[in-house]
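Topology and contacts: notes
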Amino acid sequence: MTQTPAQPTVQNWIALGILTVLWGSAFAFIGYTVDFLPPMALIFVRLTLAALILLAWAIFRGRRMPPLTDKRWLWFTGLGFFGNTLPFFLIAWGQLSLDSALTGILVATMPLATLGLAHVFVPGERMNARKLIGFLVGFGGVVVLMGPSALQGIFDSSFVAQIAVVGAAVCYGINAVMARMLPETSPSVSGAGMLITAALLSLPMGLWELTQVDAVPMTAWASVVWLALAPTAIASVMLMQIARTAGPGFLAIVNYLTPVAAVVTGYIIGESIGWAALLALAIILAGVWIARKR
């Protein structure tokens, strides 16, 4: 039976901060790598390497993967599908006709989807006015961060592409709730199982795209290795841990903070950052405070 999520601890907040940095910094590496590897090829290699890394880590820690007859493999398949394979594809496909700012705003609807799903499926994650106001304030901060002009793209870009990106946000919400409801499993084992099934699901299209690739520089492969190790393998374990101990509603906060990390990463590599980003950070943090205030 699913237990009520506990009050987030200091360790949960630290883990959320690390997760934010890992996911936020990933955009810079993805932006570089897709110049040499098509999206599904990148997804397949990234997921496969991450699955092998986590499998090796679980074995090193003395953990055993459950037998294939164990019902948890059905959970792992759902987590891999909704948490990796499907949203990765929907976002990559959507960005063929959407700019990154509008995509970031659409993906940031994930906490709102999580709020509704957790209200139905997770005890202790009931929706109330305070949580809704907090998440809406946080979403407003994301709009300020990305630039209000990005919303004009809603009327200019492909409607189907926008639905695809929002669908990816809903997938992440489903994944967060499923991670909370997963039968008792070590985070390293559940993370490895999720990535193994996600890699298998991405295998057909990923292999086909790899056959179409010419020479790939070593720097691009190094970028893929980093994406597999940190924003995928390590982040998957942390995601499972946070979802199980603090609940999907708390985990959903990361989708408001990740764009901030992405902007800061851009600043580090030479992109400009203005007052709007600092204002957005203040608004996002205010929204998080309202949503989590007891």
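Everything that follows concerns the structure shown earlier in this document.
Residues numbered from 1 in each chain as written. Predicted model: local features only at pLDDT ≥ 70, side-chain atom pairs only at ≥ 80, totals over all residues. Heavy atoms only, no water.

Observations regarding the overall build of the chain
Counting its secondary structure elements, the chain contains 13 helices and zero strands. Secondary structure elements of the chain, listed N to C terminal, follow the sequence α-α-α-α-α-α-α-α-α-α-α-α-α. Taken across its 294 residues, the chain has 49% of its residues classed as buried. Counted over contacts in the chain with a minimum sequence separation of 6, partners at least 24 positions apart contribute 90%. Surface exposure of the chain reaches about 13800 Å², of which carbon and sulfur atoms provide 72%. (Helix = DSSP H or I, 4+ residues; strand = E, 2+ residues; numbered from the N terminus. Buried < 20%, exposed > 50% of the residue type's maximum accessible area, 1.4 Å probe, protein only. Contact = heavy atoms within 4.5 Å. Areas by Shrake-Rupley, 256 points an atom, 1.4 Å probe, with all protein chains shown as cover.)

A few points about the pattern of salt bridges
What the rule picks out here adds up to two salt bridges. Where R72 meets D70, a salt bridge forms, and the shortest distance between an N and an O atom there is 3.0 Å. (Salt bridge = Lys/Arg side-chain N within 4 Å of Asp/Glu carboxyl O.)

So, the nonpolar core
Formed by 61 residues in total, the largest nonpolar core has its most connected members in L19, L47, L79, I242, L251 and I253. Core analysis: the second largest hydrophobic core is formed by 10 residues, A26, A41, V45 and V216 among them. (Core = buried A, V, L, I, M, F, W, Y, C linked by side-chain atoms within 4.5 Å.)

Quick word on a nonpolar patch on the surface
The grouping of F29, L49, L52, I53, V225, W226, L229 and I234 at the surface amounts to a nonpolar patch, some 620 Å² of accessible area in total. Counting residues per element, the ones that place at least two in the nonpolar patch are α2 (39-60) and α10 (218-246). The element that contributes the greatest number of residues to the nonpolar patch is α10, accounting for four residues. Within the element layout of this structure, V225 appears in helix α10. Classification of V225 as partly exposed rests on a relative accessible area of 46%. (Patch = residues over 30% accessible without salt bridge, like charges linked within 9 Å, V, L, I, M, F, W, Y side chains within 5 Å.)

Quick word on the packing of α2 against α10
Closest axis-to-axis distance for the α2/α10 pair is 8 Å, and the angle between their directions is 55°. The angle between α2 and α10 places the two elements in the oblique class. In the packing of α2 onto α10, the handedness of the crossing is right-handed. Packed against α2, whose contacting residues are L42, V45, R46, L47, L49, A50, I53 and L54, the element α10 presents W221, V224, V225, L227, A228, L229, P231, T232, A233, S236 and V237 at the interface. For the contact of α2 with α10, the per-class residue count stands at 16 nonpolar, two polar and one charged. (Axes fitted to C-alpha atoms, helices over the stretch in contact; angles between N-to-C directions. Parallel < 35°, antiparallel > 145°, perpendicular 65-115°, else oblique. Left-handed = near helix turned anticlockwise from the far one by under 90°. Nonpolar A, V, L, I, M, F, W, Y, C, P; charged D, E, K, R; others polar.)

Observations regarding the packing of aromatic side chains
One pass over the full model with this rule turns up six aromatic pairs. The interplanar angle of 80° and the centroid separation of 5.1 Å between the aromatic rings of F81 and F82 together place this pair among those described as edge-to-face. For F81, a relative accessible area of 32% puts it in the partly exposed group. (Phe/Tyr/Trp six-rings, centres within 6.5 Å; stacked < 30°, edge-to-face > 60°.)

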